Amino acid sequence: MNTNKRIRDCRLAMRHARDYPTWREAALAFDDASGFNDWKHEDESPDYDWQLIRSRLTQIRQYRDTRQVVKLMRHLRQGLHWNLGNSANAALYSHAYIGTKRLIETYLAEVVAALQFIADGQFPELPADEKLRFFRETTASFGRSALMLSGGATLGLFHVGVVKALVREDLLPDVISGSSAGSIVASVVGTRGPDELESLLDPDNSYYHFWTPLGFGDMLRSGALMDQKQIALGIARNTHDLTFEESHARSGRIVNITVSPAGSNQQPRLLNYLTTPYLYLREAVLASSAVPLLFPPVQLMTKDEHGERVPYMPSLRWTDGSLKSDLPGIRLRRLHNVNHFIVSQTNPHVIPFLRDMHRDGGFTGAVRDAAFGAIRGSAQSVLGLGRFGLPLPGVRQQLDNASSILDQDYRGHITILPKVTVWRYAHVTANPKLEAVTRFILEGERATWKRIAMIRNQSMISQTLNRCVKRLEAEALQPKQRRLKIVPKS
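Quick caveat, the model's predicted, so the values are computed rather than measured.

Asker: Sorry if this is basic, but what is going on with the overall build of the protein chain here?
Answerer: Along the protein chain, the regular secondary structure elements total 21 helices and nine strands. A sequence separation of at least 24 residues applies to 76% of the contacts in the protein chain between residues at least 6 apart. Surface accessibility of the protein chain: about 23600 Å² in total, with carbon and sulfur atoms responsible for 54%.

Laid out in structure tokens, this is it:
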């Protein structure tokens, strides 16, 4: 078959794929037809320290093959780092549709095999408590991944597709943050058990009517354009009424919701089972979704010592989380030991300026980055003058919000973006029909499929460490539980 025709056929198959295995098969054929497989098999590249990776691979393999478990553990304990030798460099994933250099993938597979070898083996020189300590310390040192879901109103449906793709490939991180529209999706995932995830990602099983405009009189009375009761109903139809502590116990995931203060002298908050364990998710999500002008600020609610629902800090109100902390990376690092961020970005004012590494590489991507930087710099200067020059507190508060939006970083190590269309911008606060919901969720899946290999490579070591720790901790508990059993009298 003519090479150009084969490439066209592969592109067409990828464009129309309805599931990841079908898309992956077409993408692999595309890489083969385009000659990218030859690039994968070449170790050398200026984009990473291939000599370091090759040396580490040889040493780990030698220690495992010769069963030198103590040397292997010491070698891993001090040399196992995320992005070792810049091996997670996004440029290494911009050539082919599937995967990267074979040397990197072989190294990662060897590290995983070595960790499983240590966890599974019985070694006289390695007591069980020392083995568990090694895995706990290495897990803390290595860090883990988080999925961050941005704001975006109706564009947030894209997040559902992203989550769906990750769930089906068993790649959904335990740590998830959400702001505004992203908080709704995060809370849906966070209040369900693992066995419930697949069904909730079906559009037929969810409720997507969040928008009802107020009448003119109600707009004047409330100072908002939309009916908050309707979005509260949408949140209630999709999210179980649990506290952050209860949701963590049920799902095993760490859900983080960002909210911004409605007044001055307050900082944005990251709400989760550590910072606010007794706070209810539903009100937190409602607050994070309270876009100024569209919805009024929200009072948070908490469960008291008697199990009653009571106001949390009654004098305070909270608004849209994306205003001040769309992607709360610094707080996630401190609280949950996260050092790898996967971002699903749907903020309407941001996505035109962010690059897709497959669509916007090279000169096009550089121009896009430069344009975003220039526009943001100019806007920040103008807002800075207004904030200090205008005497009206209300106007100054709005300029503060605008400045916070411009100051934020909206990208992660892996950033997944929807396509920008005029239709979507025109319907950003409209209730979509089921056909549009299904189409947008599928677009989120397809955008994520391009990143699956990258996500898998960059999270497989932390996932393996986490599984080993959980298994070894369970094994350590078994003797204690047997000792605690009450033996009936004969």
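Asker: Help me understand empty space enclosed by the protein in this model?
Answerer: With a probe scaled to a water molecule rolled over the atoms, the places where space remains empty come into view. With the rule as written, the count across this model stands at two cavities of 30 Å³ or more. In this structure, the largest cavity encloses a volume near 130 Å³. What lines the largest cavity is a set of 16 residues, and nearest its centre among them are Asn83, Ser87, Leu108, Asn457 and Gln458. Where the lining of the largest cavity is concerned, the elements lending two or more residues are α6 (102-120) and α21 (452-484). Of the residues contributing to the lining of the largest cavity, the split by class is 10 nonpolar, six polar and no charged.

Asker: Just to check I follow, could you spell out helix α16 (residues 329-336) for this structure?
Answerer: One turn of the α-helix equals 3.6 residues, which is why residues spaced by three or four share an orientation. Gly329, Leu332 and His336 are the residues of α16 that are buried. Buried residues of α16, viewed axially, fall in a sector of 70°; they line one side. What points out from α16, more than 90 degrees from its buried face, is the exposed set Ile330 and Arg334. In this structure, the buried residues of α16 make contact with β1 (144-149), β2 (175-178), β3 (254-261), β4 (269-271) and β8 (338-344).

Asker: So what exactly am I meant to see when it comes to the packing of helix α12 (residues 228-238) against helix α14 (residues 281-288) here?
Answerer: Two quantities define a packed helix pair, namely the angle between the axes and the distance from one axis to the other. Across the interface, α12 lies against α14 with an axial gap of 10 Å and an inter-helix angle of 135°. With respect to each other, α12 and α14 are oriented oblique. Here α12 and α14 pass one another in a crossing that is right-handed. Across the interface between the two elements, Gln228, Ile231, Ala232, Ile235 and Ala236 of α12 pack against Arg282, Val285 and Leu286 of α14. Of the residues assigned to the contact of α12 with α14, the class counts are six nonpolar, one polar and one charged.

Asker: What should I look at first to understand the packing of aromatic side chains in this one?
Answerer: For any pair of aromatic rings, the description consists of the separation of the ring centres together with the inter-plane angle of the planes. Counted under the stated rule, the structure contains 10 aromatic pairs. Aromatic side chains tyrosine 20 and tryptophan 449 sit 6.5 Å apart centroid to centroid with 50° between the ring planes, which places their arrangement in the tilted category. Here tyrosine 20, found in helix α2 (residues 20-34), pairs with tryptophan 449, found in helix α20 (residues 434-449); they are 429 residues apart in sequence, far enough to count as distant. Tryptophan 449 matches tyrosine 20 in its accessibility class, with the two residues each being buried. Look at phenylalanine 30 and phenylalanine 36: their rings are 6.3 Å apart centre to centre, the planes differ by 40°, and that puts the pair in the tilted class. Here a set of aromatic residues connected by ring pairs shows up, and it is made of Tyr20, Trp23, Phe30, Phe36, Tyr97 and Trp449. Its guanidinium or amino end placed over the ring of tyrosine 280, arginine 309 lies 3.7 Å from that ring's centre, counting from NZ or CZ.

Asker: Would you mind showing me how to read the pairing of β8 here?
Answerer: Along any regular strand, the residues point their side chains to alternate faces of the sheet. Counting buried residues along β8, seven of its seven residues qualify, which places the element largely inside the surrounding structure. Sheet topology places β1 next to β8; six bridges connect them, and they run parallel. Each bridged residue has a counterpart across the sheet, and for leucine 149 the counterpart in β8 is serine 344.

Asker: I keep staring at the side chain of asparagine 457 and nothing clicks. Help me out?
Answerer: Residue placement: asparagine 457 occurs in helix α21. Within polar-contact distance, the side chain of asparagine 457 engages the side chain of tyrosine 93 at 3.1 Å. Filtering out sequence-adjacent residues up to four positions away, asparagine 457 remains in contact with Tyr93, Thr100, Glu105 and Leu108.

Asker: Honestly, unusual backbone geometry in this entry has me stumped. Any pointers?
Answerer: Among all residues except glycine, the phi angle is most often negative; among peptide bonds, the trans geometry is most common. With a phi close to 65°, asparagine 86 is a non-glycine residue in the positive phi region. Tracing the backbone through its elements, the reader meets asparagine 86 in the loop between α5 (69-79) and α6.

Asker: I'm lost on the nonpolar core in this one. Help?
Answerer: Soluble globular proteins tend to bury their nonpolar side chains together. Counting 117 residues, the largest nonpolar core has Ile118 and Phe135 as the members making the most contacts within it. Among the elements that make up this core, the one with the highest residue count is α6 (11 residues). Beyond its immediate chain neighbours, meaning those up to four positions away, isoleucine 118 contacts Val69, Leu72, Met73, Leu76, Phe123, Leu126, Lys131, Phe134 and Phe135. Listed in part, the 10 residues of the second largest apolar core include Met148, Val175, Leu270 and Val343.

Asker: Explain the pattern of salt bridges here, please?
Answerer: Any two side chains of opposite charge can pair, on the condition that their charged atoms come close. According to the stated counting rule, one finds 22 salt bridges in the structure shown. With a closest N to O distance of 3.3 Å, lysine 40 and aspartate 31 form a salt bridge. Residue aspartate 31 is classed as buried on the basis of its relative accessible area, which comes to 0%. Two residues, arginine 471 and glutamate 475, come together in a salt bridge whose shortest N-O distance is 3.1 Å. Here the residue arginine 471 and the residue glutamate 475 both occupy positions in helix α21, the gap between them amounting to four residues, near one helical turn.

Asker: I would appreciate a short explanation of the pairing of β1 in the present structure.
Answerer: Of all six residues in β1, five are buried; the element is thus mostly enclosed. Here β1 runs beside β2; their pairing, made up of four bridges, is parallel. Bridging from a neighbouring strand, leucine 149 pairs with glycine 178 of β2. Between β1 and its parallel partner β2, the chain crosses via helix α8 (residues 157-168), and the hand of that crossover is right-handed.

Asker: Would you mind going over α12 with me for this structure?
Answerer: For α12, the full list of buried residues reads Gln228, Gln230, Ile231, Gly234, Ile235 and Asn238. In a view along the axis of α12, the buried residues occupy a sector of 165°, so they form one face of it. Exposed residues on α12 whose side chains face more than 90 degrees from its buried face are Lys229 and Arg237. Looking at the buried residues of α12, the elements they touch are α9 (181-190) and α14. Looking at where α12 begins, the residue whose side-chain oxygen comes 2.9 Å from the main-chain nitrogen of lysine 229 is aspartate 227.

Criteria and cut-off values
- Residues numbered from 1 in each chain as written.
- Predicted model: local features only at pLDDT ≥ 70, side-chain atom pairs only at ≥ 80, totals over all residues.
- Heavy atoms only, no water.
- Helix = DSSP H or I, 4+ residues; strand = E, 2+ residues; numbered from the N terminus.
- Contact = heavy atoms within 4.5 Å.
- Areas by Shrake-Rupley, 256 points an atom, 1.4 Å probe, with all protein chains shown as cover.
- 1 Å grid on protein atoms, 1.4 Å probe; cavity = no way out; pocket = protein on both sides within 12 Å on 5 of 7 lines; lining within 4 Å.
- Points joined across faces, edges and corners; volume = space filled by probe spheres on them.
- Nonpolar A, V, L, I, M, F, W, Y, C, P; charged D, E, K, R; others polar.
- Buried < 20%, exposed > 50% of the residue type's maximum accessible area, 1.4 Å probe, protein only.
- Arc of directions from axis to C-beta.
- Axes fitted to C-alpha atoms, helices over the stretch in contact; angles between N-to-C directions.
- Parallel < 35°, antiparallel > 145°, perpendicular 65-115°, else oblique.
- Left-handed = near helix turned anticlockwise from the far one by under 90°.
- Phe/Tyr/Trp six-rings, centres within 6.5 Å; stacked < 30°, edge-to-face > 60°.
- Lys NZ or Arg CZ within 6 Å of the ring centre and 35° of its normal.
- Pairing = 2+ DSSP bridges.
- Polar contact = N/O pair within 3.5 Å; in protein donor to acceptor, adjacent residues only side chain to side chain.
- Core = buried A, V, L, I, M, F, W, Y, C linked by side-chain atoms within 4.5 Å.
- Salt bridge = Lys/Arg side-chain N within 4 Å of Asp/Glu carboxyl O.
- Right-handed = clockwise from strand over helix to strand, strands pointing away.

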